Each structure stands twice: as C-alpha cells, then as structure tokens.
Amino acid sequence: MAQQRFLPELPRLPAPLMAAASAAGAQAQQAYSASLFARRVALAREACPEEHELGKPRLMRLLGEAGVLAEPIRRPRRKLAIAPTSNPQVAMILPGFATHPMRMRYLARALEAAGHTTKRWGLGRNWGPDPERFDAIEERLLQLHARHGRKVVLIGWSLGGLYAREIAKRQPGSVAKVISMGSPFSGSPRANNVWRAYQFITGHSVDAPPIAAELAVKPPVETVALWSANDGVIGPRCAAGRPGERDRAVAVRCTHMGFTYDPQVIATLLAELESVRG
C-alpha cells in the first residue's frame, strides 16, 4: 500500500488583502503599458515582414564585428604611410549611432597627420536624431565655415553619414563634400542588424524619425559613399546606394566598426580630401 503524503495547507490571505493586491497589480500593469519604456519595448519587438530585412548582413558577418576587440593590440604595431597634403581641408566628423566622437579620434589624427584640420561635431554621444541636435550641427557647420573661410568636408560614419547628407541639403553653400561611411541612406531602413536596438533606444520608428528627411535624395554637393561587403551591421547595398543617390560609391574591405580605423578607409579618405575642388 502506497504511503500517503500530507502537505500542510498554506494560509490564505484575507479576501480584502487579495482584492487590494489584485487592484495594485492591475494599476502597475496599466502604468507600465502607458510608460515610455513599454513603448520602447514594443518598438523593439515590432513585427517586420521578411522582405523588409532582405539584404541585411548574415550572422557570421555580425560576429566578425567582434574583431574590434583586438584593435587595441593591433594599433600600436600598425604603421600608416601618410604623405603631406597639397590641398589641406577642414573636415567635421560625425560619429555613428550610440558612439562618442572619441571612437573616431584615431581616424581624425591620421587625417591631421597629413595636414588637414578635423573638428568634432560638439554634441557628445550620438543618441539619435532630433530637431535640436540637427539645429546644433547646422550651427556648428556655419561657425566652422565662417571661422576658416572655406567650405567644410562632412565625414559621417553610419548614422553620422545620414546626418551629413541631410545637413548638406540645408546648407550646401557651406559644404565642400559629403563622405558617408557605412551609412544606410538607400533601400529599406530595416535591412540591417540594429534597427530594433535603434528603435528601443531612440523611442521612434526608423520609418518615422522626428525630423523631415528624404534619405535617398542626394545632397546638392559632391557626395561619396564608402561601403563594405564585410559590413556586419548595415546592408552593403543600402550603404552603397544607387546611381543618382550619390555621385560615387567606393568599396573598401572592412567591418562596420573598421570604418573608424582601417588603413584602407583612412587611405581612401585622404584621397577624397586631396581631390576636393574649390
């Protein structure tokens, strides 16, 4: 005969306490549903038709971005052959999404070693677009143009390249050239591996930024798009663009993070700065 086990009966809360706890839970759920955090979570979990993500880099490409972790070891042993420029330029460098301008300091120093003048955008970490940030970038551009007495080259990495293109549309008279690096100005804004993180952090959809922008429309200045088939974050076709969306597309072989330090990227930028006219 099987031995029976007797479990002690757990005490039950009084009905009024149970009702109060249930009401508190409902209120907490309502507060969460109405919160900005809940909206951000919903944006990150947004349903997306598969065709909207076609062209985004495969997982292996994304994993390849981890190579940036070895950059502090490689950098001290790297030798860059940088020739003095015969056509010095003033360049404003715009960082990628969620990155600080210090991420691009190595690239900036390489350009300065050739004799160019580089300037930060002056806004710290890039947490996404908003009207105030765009007004500040525009004002910064106008100040640099007036201070140096010449047009400014805008160099933007990833999201920073989208800023550069849009600012050049506002102030083409102050811009000598726009150089975007791995910037998704063409095709679907979801053909990349970061759009969900972008929507969670910024609190808005990639389809509805808080500023008016037509990303694929070419600025009325010389516009060059650097792109890489090894990019693990942005779809290469989105960064290269189509004819008419940029003047030239230049292929380099680097990861998305590599746009800030790869020797081939630096050599390409130096050549682009050398060819600036006017």
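Note that the structure is predicted; figures quoted are calculated from it, not measured.

Glancing now at the packing of helix α2 (residues 36-44) against helix α8 (residues 195-202). Here α2 crosses α8 at 165 degrees, and the two axes come no closer than 8 Å. It follows from the interaxial angle that α2 and α8 lie roughly antiparallel. Here α2 and α8 pass one another in a crossing that is right-handed. Residues F37, R40, V41, L43 and A44 of α2 form the contact with α8, whose participating residues are W195, R196, Q199, F200, I201 and T202.

Attention shifts here to the side chain of E245. The topology assignment puts E245 in the loop between α9 (236-240) and β6 (248-252). A polar contact is formed between the side chain of E245 and the side chain of S186, at a distance of 2.7 Å. With sequence-adjacent residues up to four places away left out, E245 is seen in contact with R165, F185, S186, A216 and K218.

With that settled, consider the pairing of strand β3 (residues 152-157). Side-chain direction in a regular strand flips from residue to residue, so the side chains alternate between the two faces of the sheet. When you tally the buried positions in β3, you get six out of six residues, the bulk of the element. Because side chains alternate across β3, one face comprises the buried residues V152, L154 and G156, and the other comprises V153, I155 and W157, equally buried. Relative to β3, strand β1 (residues 90-94) runs parallel, the two sharing five bridges. Bridging from a neighbouring strand, M92 pairs with L154 of β3. Bridge count for β3 against strand β4 (residues 175-181) is six bridges, and the pairing is parallel. From the neighbouring strand, L154 faces β4, where its bridge partner is V178. Handedness of the crossover is the feature at issue here: the chain leaves β3, passes through helix α7 (residues 159-170), returns alongside β4, and the resulting connection is right-handed.

Before going further, it helps to spend a moment on the environment of F185. The topology assignment puts F185 in the loop between β4 and α8. F185 sits in the buried class, given a relative accessible area of 2%. Sequence separation between F185 and R237 is 52 residues, and the spatial gap between their C-alpha atoms is 9.6 Å. Setting aside anything within four residues of it in sequence, one finds F185 in contact with L162, R165, S180, L215, A216, A225, C238, A239, A240, G241, E245 and R246.

Moving on to the packing of aromatic side chains. A full pass over the atoms with the stated rule returns four aromatic pairs. For the pair W121 and Y163, a centre-to-centre distance of 5.9 Å together with 20 degrees between the ring planes defines the contact as stacked. Of this pair, W121 sits in the loop between β2 (117-120) and α6 (131-148) while Y163 sits in helix α7, and the two are 42 residues apart along the sequence. The buried category is assigned to W121, whose relative accessible area is 2%. By the ring-pair criterion, three or more aromatic residues cluster together here, those being W121, F134 and Y163. Directly above the ring of F185 sits R165, whose terminal nitrogen or CZ lies 3.9 Å from the centroid.

Definitions and cut-offs
Residues numbered from 1 in each chain as written. Predicted model: local features only at pLDDT ≥ 70, side-chain atom pairs only at ≥ 80, totals over all residues. Heavy atoms only, no water. Axes fitted to C-alpha atoms, helices over the stretch in contact; angles between N-to-C directions. Helix = DSSP H or I, 4+ residues; strand = E, 2+ residues; numbered from the N terminus. Parallel < 35°, antiparallel > 145°, perpendicular 65-115°, else oblique. Left-handed = near helix turned anticlockwise from the far one by under 90°. Contact = heavy atoms within 4.5 Å. Polar contact = N/O pair within 3.5 Å; in protein donor to acceptor, adjacent residues only side chain to side chain. Buried < 20%, exposed > 50% of the residue type's maximum accessible area, 1.4 Å probe, protein only. Pairing = 2+ DSSP bridges. Right-handed = clockwise from strand over helix to strand, strands pointing away. Phe/Tyr/Trp six-rings, centres within 6.5 Å; stacked < 30°, edge-to-face > 60°. Lys NZ or Arg CZ within 6 Å of the ring centre and 35° of its normal.

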